[in-house]
Amino acid sequence: MVIAVYPGSFDPATYGHLDVIRRASVSFDRIIVGVLHNSAKSPLFSVEERVNILEKATKDIPNVVVQPFEGLSVNFARENHAQVIVRGLRAVTDFEYELQMAQTNRVLAPDVDTVFMTTSLQYAYLSSTIMKEVASFGGDISKFAPPEIIEAVRNKMKG
Ligand code: ADP
C-alpha cells in the first residue's frame, strides 16, 4: 500500500491543486492532503476553513483525506506512514525551490521520496495568490476554482 502526502498552503485550493489531487489519487493507494498551519504567514482562510474547503471539493474521491499539519512535511509524511511526498510543478520557476526542498527532505528523511506531478496545461498559470489578487479587484475568478470555493472567496472578501 503506497501512501502519499500532498502538503501545501491551499489558501484556498484551486483547480490546479484539485487536478494534482485527482491525478495522484490514481497512482497512489491513499492521498493525505496536508494543509499547513504556518504562523509566519497570514492566510486569507484559517487552517480549519482550508481543510473544510478541500474536504468538500474532494468528497467524491474515496482515497483522499485532508488533515491540518504544522512543521516539517517529512514529519507529517512519517506520522502518516507515507512513503511519498507529492508536489506540483507548474513552470521552471517552481523547479529550483522544489528541487532544493526535495533534496533537503531526502537528507532529513531518506525513506521518503518526492514525486512531482506536472501541471495540466490549462492550469499552468494558476496559483492561489493570483486567484486572490484577481478577486480583490472584483475580477471573474470562475475559471480558477469550483463554485463553492469561489463563493467562499467572495464572502471572505466582502466581510
Ligand atoms: P506552498 O505554499 O507549499 O507552495 P501551495 O498551496 O501554493 O503551497 O501549493 C501546494 C503545491 O501545489 C505545490 O507543490 C505547488 O507547486 C502545487 N500547485 C499549486 N498550484 C498548482 C497548479 N496550478 N498546478 C499544479 N500544481 C500546483
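Residues numbered from 1 in each chain as written. Predicted model: local features only at pLDDT ≥ 70, side-chain atom pairs only at ≥ 80, totals over all residues. Heavy atoms only, no water.

K.L.:
Would you take a moment to explain the pattern of salt bridges for this structure?
P.N.:
Note on pairing: side chains with opposite charge can pair once their charged atoms come close. One pass over the structure, following the stated rule, counts eight salt bridges. Close ionic contact of R87 with E98 constitutes a salt bridge, the shortest N to O distance being 2.7 Å. Placement of the pair is R87 in strand β4 (residues 84–89) and E98 in helix α4 (residues 92–108), with a sequence separation of 11 residues. Overall, the relative accessible area of 7% leaves E98 in the buried class. (Salt bridge = Lys/Arg side-chain N within 4 Å of Asp/Glu carboxyl O. Helix = DSSP H or I, 4+ residues; strand = E, 2+ residues; numbered from the N terminus. Buried < 20%, exposed > 50% of the residue type's maximum accessible area, 1.4 Å probe, protein only.)

K.L.:
Looking at this model, I keep getting lost on a nonpolar patch on the surface. Mind explaining?
P.N.:
Residues V92, F95 and L99 make up a contiguous nonpolar surface patch of roughly 290 Å² in combined accessible area. Relative to the helices and strands, V92 is located in helix α4. (Patch = residues over 30% accessible without salt bridge, like charges linked within 9 Å, V, L, I, M, F, W, Y side chains within 5 Å. Areas by Shrake-Rupley, 256 points an atom, 1.4 Å probe, with all protein chains shown as cover.)

K.L.:
What's the story with the environment of F116 in this structure? I'm lost.
P.N.:
Topologically, F116 is positioned in strand β5 (residues 113–118). Given a relative accessible area of 28%, F116 falls into the partly exposed group. In this structure, the C-alpha to C-alpha distance between F116 and A40, residues 76 residues apart in sequence, is 26 Å. Excluding residues within four positions of it along the chain, F116 makes contact with R87, L89, E98 and A102. (Contact = heavy atoms within 4.5 Å.)

K.L.:
Before we go on, may I ask you to explain the side chain of R50 in this structure?
P.N.:
Along the chain, R50 turns up in helix α2 (residues 47–57). Despite its burial, R50 pairs with no opposite charge; the closest candidate is D11, at 4.0 Å N-O. A distance of 2.9 Å separates a polar atom in the side chain of R50 from the backbone oxygen of F45. Excluding anything up to four places from it in sequence, R50 contacts S9, F10, D11, V35, L36, P43 and F45. (Lys, Arg positive; Asp, Glu negative; His and termini not counted. Polar contact = N/O pair within 3.5 Å; in protein donor to acceptor, adjacent residues only side chain to side chain.)

K.L.:
Help me understand the packing of aromatic side chains, please; the structure alone is not making it clear to me.
P.N.:
The description of an aromatic ring pair rests on the distance of the ring centres and on the angle between the ring planes. A full pass over the atoms with the stated rule returns four aromatic pairs. Between Y6 and F10, the ring centres sit 5.1 Å apart and the planes meet at 75 degrees, which makes this aromatic pair edge-to-face. A residue is classified by how much of its surface remains accessible, and F10, at 2% relative accessible area, is buried. Residues Y15 and Y123 carry aromatic rings whose centres are separated by 5.9 Å and whose planes lie at 25 degrees to one another, so their mutual orientation is stacked. One end of the pair, Y15, is in helix α1 (residues 15–27); the other, Y123, is in the loop between β5 and α5 (128–136), with 108 residues separating them in the sequence. With a relative accessible area of 26%, Y15 lands in the partly exposed category. (Phe/Tyr/Trp six-rings, centres within 6.5 Å; stacked < 30°, edge-to-face > 60°.)

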